[in-house]
Amino acid sequence: MPDIHDEGPYEPRPKPGVSRLDYAGEQGMAVEQETLVERDVEKREEARSLWGDAWRDLRRRPIFLVSAVLILLLVVMAVLPWAFTDADPRRADLVHDYLRRPDWGDFFGAGWFGYDAQGRSIFARVVYGARASITVGVFVTAAVTVLGGLTGMVAGYFGGAVDAVISRIIDIFFGIPLLLGSLVLLNAFSTRTVWSVVIALGVLGWTQIARVMRGAVLTVKQSDYVVAGRALGAGTGRLMFRHILPNAIAPVIVVATIALGGYIATEATLSFLGIGLQDPTISWGIDISSAQKVIRTAPYVLFFPAAALSVTVLAFIMLGDAVRDALDPKLR
Amino acid sequence: MTVEGTTPNGATALGAAVPQEAAFAQEVPRGEPILEVRDLVKHFPLTEGVLFRRQVGAVKAVDGVSFQLEKGETLGIVGESGCGKSTLAKVLMNLEQATGGSVRYKGEEISRLSGSALKAVRRNIQMVFQDPYTSLNPRMTVGDIIGEPFEIHPEVAPKGDRRRAVQDLLDVVGLNPEYINRYPHQFSGGQRQRIGIARGLALKPEVIICDEPVSALDVSVQAQVINLLEQLQGEFDLSYMFIAHDLSIVRHISDRVGVMYLGKLVEIGSDLEIYDHATHPYTQALLSAVPVPDPAARESRDRIVLTGDVPSPANPPSGCRFRTRCWKARDRCAEEVPLLASPSWLRGAAFHASACHFAAERETGQGAAEREGTA
Amino acid sequence: MSTAAEAAGREREAPYEGPLLDVRDLHVEFVTRDGVARAVNGVDYSVRAGETLAVLGESGSGKSVTAQAIMGILDTPPARIPRGEIRFRGRDMLKMGKDERRRIRGRRIAMIFQDALSALNPVLSVGFQLGEMFRAHQGASRAEARAKAVELMDRVRIPAAKQRVNDYPHQFSGGMRQRIMIAMALALEPDLIIADEPTTALDVTVQAQVMDLLAELQAEYHMGLILITHDLGVVADVADKIAVMYAGRIVETAPVHDLYARPAHPYTRGLLDSIPRLDQKGQELYAIKGLPPNLLRIPPGCAFNPRCPRAQAVCRGEVPELYPVAEDDGRPLEGRGSACFFWKETLHDR
Ligand SMILES: Nc1ncnc2c1ncn2[C@@H]1O[C@H](COP(=O)(O)OP(=O)(O)OP(=O)(O)O)[C@@H](O)[C@H]1O
Ligand SMILES: Nc1ncnc2c1ncn2[C@@H]1O[C@H](COP(=O)(O)OP(=O)(O)OP(=O)(O)O)[C@@H](O)[C@H]1O
Ligand code: SF4
Ligand code: SF4
Ligand SMILES: [Mg+2]
Ligand SMILES: [Mg+2]
């Protein structure tokens, strides 16, 4: 570009080789030098994208690191519980171990967290319970986010009749309380496994995400940059996934990670009510519910599975927060 | 500067109402029209009911607009907020489906295009948006934003060259090519508008529709952007349609100016004609209301303050749409729709059309005061 | 609303000769994640009754933050006022108690915001919102409040006020909403009105209506008016004197006629030169090069020095104070000041 400013006689000429816009460091100010000077194209940085930048940013966030380590630990625990403890979570020794208190010296041993009312190792049950709880939490959330996210996006993006139909369906589902609905649904299963709980909660839970997503898409869809994308000739897929999704996903992440804890808790409640997982399956929910009977005499029976649940929920919420912030370039 | 003809709209349908003294302007074929707009109509339906929607009326956002845009020329469009300027731009871009009329790009009717044909035309007509703060995706890097046109139209730049092309564009609009990995929020308003312009230029279009590209910027930044637009026009022989409500900017950049009121073009002509010899009362009021950055002129100014509000575009007044606020209105104005035509007594050479039954220059020498004011 | 006679009566009961509002060396900072943003760095200005002060400056120069500090509506934190005085009728408002300040706000000093749509509550009728002012501050009854609301709407020239008093904000056009905001600001007949870009969102014809109305009402009530804007045209139309802000400081003050004719600060000159003029058609417009400073790291010395065509070594080392501007023969120019070492040279530039 030619020199477009009539520069006064006092204008300090820029040094040749200085890039056009350079941050005059000491002066602490961005000076846009409009004069045509050689620019160093050699300084080629890698092209970056939102997701790449987000990942780069995430790795530097302590919150993310802490939550990621925790979640990794939990997942390993769910997959390979025997790697954490030798004790058998199903072995009940009512003679010796009935309600024995935690033995802090028994590090990673059967008696570490004490024994429950049936004489089973609480530590072993916390470790083995991770599988059911994490499976329910993660898979329900994943299913709900994909299903709800897609329907919400379709409803918000296309609007009109599509939106009307989807919204009515959402309204109908939304009227059903999660707990009551899953009670009824689970009754239909003859044998209830972790997967039947996942299906039941997934079927009932997607509407929450769908609503959030629809609302966010409706707002984002109005933005000038979406219109600008259309003006360039961008197709539906590009508009949805390049422009709308990254800008609409923040509230969805927040709601989904909070809901994840809710699903684990709902599974626990269902188990407590005797309609969720059944006894040979081990889950924190079942343990929390059975601990109620001895809560006065042995509060630690309740404490450890409940603490495991809380830590898990917290870890996912922290992860969600970190991811949401990382996806917002303004917060970097 | 080209001074071009425009066909008055609705000539056949309302032929009987043509006033005697109005002689339609000859269409003077000078230059090649790149965009031809005829009787363009865009109505937004007003609906009622939740389950079964029925139409109860329509917002007549654009209601019969005709003009043409030549290669390399700048057509300014001015008018009050809500008069349909943005809607007009969107219909031209085919971002909104026209209700009626035609938009021809090099003779090809674009409102009927779809799919790949539409995509091909979009390559050649681009838009710069009003608000530099909302028109850039906050979650895309500048490189992605400016590179997106190439991804959508891969034939324009081969994959390997895209990064290079993006950096060249940044260079053209006066931004540091190293800024390719930054996000929009790291730029000032004027720099963002440059990014928007770079995106508009990426496909090397022939027409750029600028919808109030400088309204959100302050004077010194505004000057930077205007300079850039003019310089690019010279370099790439672009045609601009420049929408704004700041009349002094429009005057600076435009070859011709069209004035809109309530969905209709009420006056169109060369910039000189419109600014110095306006004949439509609305244009005269608009010009007289422009604040002049010269305190000495404030006592001498002869301002027409319009009374009343703009009528609703859903229910425009009969006859002349301006009659509810026009100080010259007479009975005839309520009955007959004035057509955009040039009265025979108007200067012969210069094309200038005004949609008023009683079109006349203002007696008070307002044009002169204006000129003194800004000069 | 009281009659003009009553208004005059109040004027008499509290006569005040000095400046209505006198801002001295005001500093405002924001504590942000990245550091302390110094948004206002020593602003001085004053307004008398009946006078219009226009505050000019580019986006981000601290115009609104100064106004918010005067109104006492800054959120603290993140904002803090480390230094300065805001004297209203001679008394420093920064030293007043919360209650006393609240009594001044709205009643004695009122503010008109830029965005009229978001400043009005969309679910309450306009009449109710106007009447609320009287009910809250003067204990008026429902019927009285309504009557006063109609009167106010009449005053700001809203046609058919009686019929429209129960309408909701979205049923009014942008210009009418802005007029309703003005009515609200006028409701309690304040001594001083601060209008923060009252017409930026409006187009020229409506802008003309609103500015005329404001000027008329100001004359009628003999109010002080601080008009914040970056539209040099509007300023030329209504202002008596001008303060130009840059990077949180006043860089030039002048009576309106002088400023346009002979700016004494290179920044002001740049602004005036950026306005498209008739004889520039087809030429490039002048533009101030560079970017406004980052408030986290304001350049040392004169904040304008990286963009200033006149900058010398001294500009990078020392901060120019607001020097009084005088003619060559030493005759001081009334009301003029420039925060530039080279004001004399700048004055002669044209
Ligand atoms: N999608 C829509 N549905 C219904 N009415 C609409 C729609 N878009 C615009 N309108 C109406 O059409 C009219 C013209 O709007 P438009 O945005 O074109 O005005 P404009 O001239 O660009 O105004 P501004 O200067 O404020 O941008 C307005 O009355 C507006 O309310
Ligand atoms: N809460 C805040 N935290 C940090 N910085 C702030 C905050 N509020 C305002 N600022 C900064 O203070 C500076 C002055 O802002 P201000 O709103 O006064 O600008 P202005 O002169 O009114 O500009 P405009 O013409 O755009 O309204 C800006 O740079 C802004 O970024
Ligand atoms: S036609 Fe009549 S109402 Fe319309 S602008 Fe002309 S004089 Fe005014
Ligand atoms: S003090 Fe120096 S840098 Fe600042 S405005 Fe004056 S000449 Fe320019
Ligand atoms: Mg618009
Ligand atoms: Mg402001």
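Before any of the text, the structure's been laid out above.
Bear in mind the structure is a predicted one, so any value in this text is a computation, not a measurement.

Quick look at the packing of helix α8 (residues 236-272) of chain A against helix α3 (residues 142-152) of chain B
Across the interface, α8 of chain A lies against α3 of chain B with an axial gap of 13 Å and an inter-helix angle of 165°. Taken together, the axis directions place α8 of chain A and α3 of chain B in an arrangement best described as roughly antiparallel. Handedness of the α8 of chain A/α3 of chain B crossing: right-handed. Listed contacts from α3 of chain B to Arg238, Arg242 and His243 of chain A of α8 of chain A are Asp144, Glu148, Glu151 and Ile152 of chain B. Grouping the constituent residues of the contact of α8 of chain A with α3 of chain B by class yields one nonpolar, one polar and five charged.

Concerning the interface of chain C and chain B
Note: interface size is frequently given as the accessible area lost on complex formation between the parts. With 47 residues of chain C at the interface, the matching set in chain B holds 42 residues. Summing both sides of the interface, chain C and chain B together bury roughly 3500 Å²; the carbon and sulfur share of this comes to 58%. At the junction of chain C and chain B, the tally comes to zero salt bridges. At the level of secondary structure, the elements contributing two or more residues to the side of chain C that touches chain B comprise α8 (174-186), α9 (204-221), α10 (232-238), α11 (256-261) and α12 (266-274) of chain C. Here the side of chain C that touches chain B is composed, by residue class, of 22 nonpolar, 13 polar and twelve charged.

Topic: the packing of helix α2 (residues 62-79) of chain A against helix α10 (residues 299-326) of chain A
All names here are of chain A. Close contact between α2 and α10 brings their axes to 8 Å; oriented N to C, the two are set at 135°. Between α2 and α10, the interaxial angle falls into the category oblique. In this structure, the crossing between α2 and α10 has a hand that is left-handed. Across the interface between the two elements, Ile63, Phe64, Val66, Ser67, Leu70, Ile71 and Leu74 of α2 pack against Val311, Thr312, Ala315, Phe316, Met318, Leu319 and Ala322 of α10. Across the contact of α2 with α10, the residue classes tally to twelve nonpolar, two polar and no charged.

Comments concerning the sheet that holds strand β3 (residues 52-56) of chain C
Two modes of strand pairing occur in sheets, parallel and antiparallel, and in both the strands are linked by backbone hydrogen bonds. All names here are of chain C. Pairing within the open sheet is mixed, and its eight strands lie in the order β6-β7-β8-β3-β9-β10-β12-β11. Only two strands of the sheet have a single neighbouring strand rather than two, namely β6 (109-112) and β11 (323-326). On average, each strand axis in the sheet is tilted by 20° relative to the strand beside it, whichever way the strands run. Docked against the sheet, α8 engages β6 and β7 (192-196), running at close to 170° with respect to β6.

Here we look at the pairing of β3 of chain C
Residue and element names in this part refer to chain C. Counting buried positions over the five residues of β3 gives five, a clear majority of the element. The side-chain alternation of β3 yields two buried faces, one formed by Thr52, Ala54 and Leu56 and the other by Leu53 and Val55. Here β3 runs beside strand β8 (residues 224-228); their pairing, made up of four bridges, is parallel. The residue of β8 that forms the bridge with leucine 53 is isoleucine 226. As defined by bridge partners, β3 adjoins strand β9 (residues 241-246) across four bridges and the pair is classed as parallel. Counted as the bridge partner of leucine 56 is valine 244 from β9.

Rules and cut-offs
Residues numbered from 1 in each chain as written. Chains lettered and ligands numbered in written order. Predicted model: local features only at pLDDT ≥ 70, side-chain atom pairs only at ≥ 80, totals over all residues. Heavy atoms only, no water. Axes fitted to C-alpha atoms, helices over the stretch in contact; angles between N-to-C directions. Helix = DSSP H or I, 4+ residues; strand = E, 2+ residues; numbered from the N terminus. Parallel < 35°, antiparallel > 145°, perpendicular 65-115°, else oblique. Left-handed = near helix turned anticlockwise from the far one by under 90°. Contact = heavy atoms within 4.5 Å. Nonpolar A, V, L, I, M, F, W, Y, C, P; charged D, E, K, R; others polar. Buried area = accessible area lost by both parts, 1.4 Å probe. Salt bridge = Lys/Arg side-chain N within 4 Å of Asp/Glu carboxyl O. Pairing = 2+ DSSP bridges. Buried < 20%, exposed > 50% of the residue type's maximum accessible area, 1.4 Å probe, protein only.

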